[in-house]
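For reference, the chains in residue letters:
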Amino acid sequence: MAGPQMVMYDEEARQIQVVCDRLGRDSNARAVLVIDKNGQPIAQSGETDHLDVTSLSSLTAGNVAATGGIAKLLAEREFAGQFHEGEKTNIHISIVAQRVILVVLFDERSSLGLVRLRVRKASDELTRILESLIKKAASANAPSVFAEITDDDIDNLFND
Amino acid sequence: MSFINYSSREINCKIVYYGPGLCGKTTNLQYIYNKTNPEAKGKMISLATETERTLFFDFLPLSLGEIRGFKTRFHLYTVPGQVFYDASRKLILKGVDGVVFVADSQMERMEANIESLDNLRTNLQEQGYNLDKLPYVVQYNKRDLPNAAPIDELRQLLNPTRVVEFPGVASSGEGVFDTLKAVAKLVLTELKRGG
């Protein structure tokens, strides 16, 4: 089937969290999110309690996919970044390692210049983590959690 | 492409509802949304035109419960059915784990059904998928309408490979959860097989 299975392990989840926390601090952001290109949230940092992270992730991924479609039509490989300016909240969206989406929400406490600068550094770090994650997932001999799942386990999910 | 998060112990899967314009894809999701406990669902998002035709997609996140300590989360999407939104449909199929084809049972929509099914096959192929190898179910919707074609006829035209199929009336909920459960089960079974 298309594309390898996306997995996340404890170690890489922690490393990604560290990068998000630092990016949030260094850029004075309100919140930082890392999202899979298919719209699944991977990590979040900052003031996310009041955010609907699931919806935000899906819509951002849809937005990035649509922008990627436009890029293709214009014979561009991708538009690596997007910025939306609101009255109170601004959003900076960038694609990292062609695999995940890094989202920074910020307000008047920060600026686009600062966010861009810090995002660049964080992107490099995330790229390294993701590359090692992909290698690890590809070479993982550990049996998938699914191997042990029985048909009964699946049936039980659907018992009303 | 499912996403297995060993860190947060979650399994995330993506299911796409496909079919011709006005066949009832959004209605399926709306029914699921209305009948699901608040704690098991997120917000339903519809990116629609002013006349409530789907413009980009509908999105509904659902939690089905736990398997061996892993929370199972399904993200349900619909595509815009109208022919000219093909570019959007292709985007939504990216990373799909399971497909529901919602057919409009009305006799006069037969051509639209066939066209949409061909389009599904082509668009999946472009993403490197093969419909015959993907968790896939068919729903014959609008069975309550007087001009609904016989199921046998629909099956012959729209389900030549005889995948799991359900008659449905999405507006009243008939067949909606049967369809969802069937495709979710196929997705999990596929994951178990290491797909």
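Predicted model, so just to flag it, every value in this text is computed and none were measured.

**Structural notes on the pairing of strand β5 (residues 90-96) of chain A**
All names here are of chain A.
- Taken across its seven residues, β5 has seven buried, putting it largely inside the fold.
- The alternating pattern of β5 places Asn90, His92, Ser94 and Val96 and Ile91, Ile93 and Ile95 on opposite faces, both of which are buried.
- Pairing of strand β4 (residues 81-85) with β5 involves five bridges; the strand directions are antiparallel. Each residue of the ladder has a partner; that of glutamine 82, found in β5, is isoleucine 93.
- The turn linking β4 back onto β5 is made up of four residues.
- In this sheet, strand β6 (residues 100-106) lies alongside β5 in antiparallel orientation, the contact comprising seven bridges. Paired with histidine 92 across the strands is valine 104, a residue of β6.

**Details of the environment of Pro61(B)**
- Note on placement: Pro61(B) falls in strand β4 (residues 54-67).
- Classification of Pro61(B) as buried rests on a relative accessible area of 8%.
- Taking C-alpha positions, Pro61(B) is 21 Å from Leu134(B), a pair spaced 73 residues apart along the chain.
- The contacts of Pro61(B), once residues within four sequence positions are left out, are Thr54(A), Ala40(B), Lys41(B), Gly42(B), Lys43(B), Phe74(B) and His75(B).

**Points about the pattern of salt bridges**
- Counted under the stated rule, the structure contains 19 salt bridges over all chains.
- Between Asp153(A) and Arg68(B) there is a salt bridge, and its shortest N-O distance comes to 2.8 Å. Taken as a pair, Asp153(A) in helix α4 (residues 151-157) and Arg68(B) in the loop between β4 and β5 (70-78) lie in two separate chains rather than in one.
- Residue classification places Arg68(B) among the partly exposed residues on the basis of a relative accessible area of 41%.
- With a closest N to O distance of 3.2 Å, Glu190(B) and Arg193(B) form a salt bridge.
- Owing to a relative accessible area of 67%, Arg193(B) belongs among the exposed residues under this scheme.
- Within the structure, one salt-bridge network assembled from shared partners comprises Arg30(A), Glu47(A), Asp107(A) and Arg109(A).

**Notes on helix α5 (residues 176-192) of chain B**
Residues and elements named next belong to chain B.
- An ideal rise of 1.5 Å per residue puts 24 Å on 17 residues; α5 measures up with 25 Å between its terminal C-alpha atoms.
- Listed in full, the buried residues belonging to α5 are Val176, Thr179, Leu180, Ala182, Val183, Ala184, Val187, Leu188, Glu190 and Leu191.
- Count one or two residues on from α5 and you reach glycine 194, which has phi positive near 85°.

**With respect to the packing of aromatic side chains**
Residues and elements named next belong to chain B.
- Inspection of every chain in the model, using the stated rule, returns eight aromatic pairs over all chains.
- Considering the side-chain rings of tyrosine 6 and phenylalanine 70, the 5.8 Å spacing of their centres and the 85° angle between planes classify their relative orientation as edge-to-face. Here the residue tyrosine 6 occupies a position in the loop between β1 (3-5) and β2 (10-18), and phenylalanine 70 occupies one in strand β5, the gap between them amounting to 64 residues.
- For the pair phenylalanine 59 and tyrosine 77, a centre-to-centre distance of 5.0 Å together with 45° between the ring planes defines the contact as tilted. Of this pair, phenylalanine 59 sits in strand β4 while tyrosine 77 sits in strand β5; the two residues are 18 residues apart in sequence, bridging distant segments of the chain.

**Let's talk about the confidence of the model for chain B**
- Overall, the prediction assigns chain B a mean pLDDT of 95, with 99% of residues at 70 or greater.
- Predicted as a complex, the structure gets a pTM of 0.92 and an ipTM equal to 0.85.

**Digging into the packing of helix α1 (residues 10-26) of chain A against helix α3 (residues 112-139) of chain A**
Residues and elements named next belong to chain A.
- Two elements in contact, α1 and α3, have axes whose closest approach is 10 Å; the angle formed by their N-to-C orientations is 180°. The orientation of α1 relative to α3 falls into the category roughly antiparallel. Together, Glu11, Glu12, Gln15, Ile16, Val19, Arg22, Leu23 and Asp26 of α1 and Leu114, Arg118, Val119, Lys121, Ala122, Glu125, Leu126, Ile129, Ser132, Leu133 and Lys136 of α3 make up the contact between the two elements.
- Here the contact of α1 with α3 is built from residues that sort into nine nonpolar, two polar and eight charged.

**Side note on the environment of Val7(A)**
- Considering the arrangement of structural elements, one finds Val7(A) in strand β1 (residues 6-8).
- Each C-alpha atom of the pair Val7(A) and Ala137(A) lies 6.7 Å from the other, and the pair is 130 residues apart in sequence.
- Ignoring sequence-local partners within four residues, the contact set of Val7(A) consists of Leu133(A), Ala137(A), Phe3(B), Ile4(B) and Tyr6(B).

**Here we look at the packing of helix α3 (residues 110-126) of chain B against helix α4 (residues 151-158) of chain B**
All names here are of chain B.
- Contact geometry of α3 with α4 gives a least axis separation of 10 Å together with a crossing angle of 30°. Classified by the interaxial angle, the pair formed by α3 and α4 is roughly parallel. Seen along the crossing, α3 lies across α4 with a hand that is right-handed. Touching Met110, Asn113, Ile114 and Leu117 of α3 are Leu154, Leu157 and Leu158, all from α4.
- The residue makeup of the contact of α3 with α4, split by class, is six nonpolar, one polar and no charged.

Criteria and thresholds
- Within any chain, residue numbers begin from 1 and follow the written order of that chain's sequence.
- Chains and ligands are labelled sequentially in the order written, the chains with letters from A and the ligands with numbers from 1.
- Side-chain atom pairs in this predicted model are given and counted only at pLDDT of 80 or more, local residue features only at pLDDT of at least 70, and totals for whole chains, interfaces and linings cover all residues.
- Each side-chain value is derived from all of the structure's non-hydrogen atoms; neither hydrogens nor water enter the calculation.
- Three exposure classes are used, based on accessible area relative to the maximum for each residue type with a 1.4 Å probe and protein chains only: buried under 20%, partly exposed in between, and exposed over 50%.
- Secondary structure follows DSSP: runs of H or I at least 4 residues long count as helices, runs of E at least 2 residues long count as strands, and numbering of each begins at the N terminus.
- DSSP-based pairing: two strands are paired if at least 2 bridges between them are found.
- Working rule for contacts: check all heavy atoms of both residues, and any pair within 4.5 Å makes them a contact.
- Salt-bridge detection follows one rule: a side-chain nitrogen of Lys or Arg within 4 Å of a carboxyl oxygen of Asp or Glu.
- In this analysis, the expected span of each helix is defined as 1.5 Å times one less than the number of residues it contains.
- Aromatic pairs are defined between Phe, Tyr and Trp rings, using the six-membered ring for Trp, whenever the two ring centres lie within 6.5 Å; interplanar angles under 30 degrees are classed as stacked, those over 60 as edge-to-face, and all others as tilted.
- A score between 0 and 100, pLDDT records how confident the predictor is in each residue.
- Here, axes are lines fitted to C-alpha atoms. For helices the fit covers the stretch in contact, and angles between N-to-C directions go from 0 to 180 degrees.
- Comment on the angle field: the value is read as roughly parallel under 35 degrees, roughly antiparallel over 145, roughly perpendicular from 65 to 115, and oblique elsewhere.
- Following the grouping adopted for this structure description, the nonpolar residues are Ala, Val, Leu, Ile, Met, Phe, Trp, Tyr, Cys and Pro, the charged ones are Asp, Glu, Lys and Arg, and the polar ones are all others, Gly among them.
- Each crossing is labelled by how the near helix is turned from the far one, with a counterclockwise turn of less than a right angle marking it left-handed and a clockwise turn marking it right-handed.

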